[in-house]
Amino acid sequence: KRGPGSVNVPIVADGVLVEPGDVIVADGDGVLVIPQAHLARTLEGARQRAGREVAIRQRIKAGESLFEILNMDAAVKAAGIAVVDKTWREIK
C-alpha cells in the first residue's frame, strides 16, 4: 500500500500468467484464470454445463441413479471392473 507498485501489468501467480483484463474466479475448490479472449466461449460452456446439471438433478428426483444417468455401466464393463453390491463385512 505504501510502497511502489504497478497496475495493469502481467503477473505470475503460482506459476500461472495473469494478464490485465483476465477474469479470476475462485471458490472452495480452487482459483481459475480465464483469459479475456476466451471469456465468451467459457461462459457459453458454463451455461451448457449448468443446463445439463439441472437436467441430471431432475432425473435423480424422478428416481434414476447417477450411475444410470451417466451410463457408467458401459465404462465399468469396458474397464473390466466387477461391481459388488455388498459392504466389506458381507464379503467373505
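Now for a description of the structure that goes with this document. (Residues numbered from 1 in each chain as written. Predicted model: local features only at pLDDT ≥ 70, side-chain atom pairs only at ≥ 80, totals over all residues. Heavy atoms only, no water.)

Observations concerning the side chain of D22
Thought 1: Relative to the helices and strands, D22 is located in the loop between β2 (16–18) and β3 (23–27).
Thought 2: One buried charge, D22, has no salt-bridge partner; the nearest side chain with opposite charge is R41, at 12 Å.
Thought 3: At 2.7 Å, the side chain of D22 and the backbone nitrogen of E19 are in polar contact.
Thought 4: There is a polar contact of 3.4 Å between the side chain of D22 and the backbone nitrogen of Q36.
Thought 5: If sequence neighbours within four positions are ignored, D22 has contacts with L17, V33, I34, P35 and Q36. (Helix = DSSP H or I, 4+ residues; strand = E, 2+ residues; numbered from the N terminus. Buried < 20%, exposed > 50% of the residue type's maximum accessible area, 1.4 Å probe, protein only. Lys, Arg positive; Asp, Glu negative; His and termini not counted. Salt bridge = Lys/Arg side-chain N within 4 Å of Asp/Glu carboxyl O. Polar contact = N/O pair within 3.5 Å; in protein donor to acceptor, adjacent residues only side chain to side chain. Contact = heavy atoms within 4.5 Å.)

Overview of the pairing of β3
Remark: a regular strand shows side chains that alternate across the two faces of the sheet.
Thought 1: Direction of pairing for β3 relative to strand β4 (residues 30–34): antiparallel, over a ladder of five bridges. Looking across to β4, one finds that V23 is bridged to I34.
Thought 2: With antiparallel pairing between neighbouring strands as the criterion, β3 and β4 make up a hairpin whose turn holds two residues. (Pairing = 2+ DSSP bridges.)

Let's talk about the pattern of salt bridges
Thought 1: Scanning the entire structure with this criterion turns up two salt bridges.
Thought 2: Across the pair R49 and E53 runs a salt bridge whose closest N-O atoms are separated by 2.9 Å. With R49 and E53 both in helix α1 (residues 39–61) and four residues apart, the pair spans about one turn of that helix.
Thought 3: By relative accessible area, E53 is classed as partly exposed at 34%.

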